Amino acid sequence: MSVKIKVNGTVHDIDGDPSMPLLYALRDNIGLRGAKFGCGLGQCGACTVHVDGRAVFSCITPIAALNGRAVTTTEGLLEDGKPNKVQQAFIDEQAAQCGYCIAGMVMRAQHLLNQNPDPSDEEILTGMQPNLCRCGTHAAILRAVKRAARA
Ligand code: FES
Ligand code: FES
């Protein structure tokens, strides 16, 4: 079966089992490697992307649920090939250690700031909570979100 999904503005025909997770389609079929496989269970956020503007765990989102819906990945946030303000804030704060969680963190932060452009510290903490960093760089990540909000 083939499922059409629109990713970063381009429509792709994905041939495969409709229950295939969006994360596999992004990485293996389309070649976008920003979103990462962490837990595969919707518990870590490494795979976070946007679907119709909402942050979702792509590891537990079947492609069958996406016909006609718009997916955005961290690659889709680039502006003229350069980091957007959220991505730049993560770079400026050197928020990554190993970097494995960062694409998901950026997508979570972008979602948070789209909903609430001027979040309080408490709102940033709550908004970023679904995403985990096993390197423990949470303090730098929270600084990056604050920096992006000020930018
Ligand atoms: S890999 Fe998707 S939530 Fe962990
Ligand atoms: S920087 Fe390593 S998991 Fe977050």
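Residues numbered from 1 in each chain as written. Chains lettered and ligands numbered in written order. Predicted model: local features only at pLDDT ≥ 70, side-chain atom pairs only at ≥ 80, totals over all residues. Heavy atoms only, no water.

Another point: the environment of lysine 85. Examined against the element boundaries, lysine 85 turns out to sit in helix 2 (residues 85–92). The exposure class of lysine 85 is partly exposed, given its relative accessible area of 43%. Sequence separation of lysine 85 and arginine 147 is 62 residues, and the distance between their C-alpha atoms is 8.9 Å. Apart from the residues lying within four places of it in its own chain, the contact partners of lysine 85 are Ala148 and Ala151. (Helix = DSSP H or I, 4+ residues; strand = E, 2+ residues; numbered from the N terminus. Buried < 20%, exposed > 50% of the residue type's maximum accessible area, 1.4 Å probe, protein only. Contact = heavy atoms within 4.5 Å.)

With that settled, consider the side chain of glutamine 110. Along the chain, the position of glutamine 110 falls in helix 3 (residues 102–115). Looking at glutamine 110, the relative accessible area reads 11%, which means it is buried. Aside from chain neighbours lying at most four places away, what touches glutamine 110 is His50, Leu77, Asn84 and Val86.

Read these as spatial facts, not as claims about activity.
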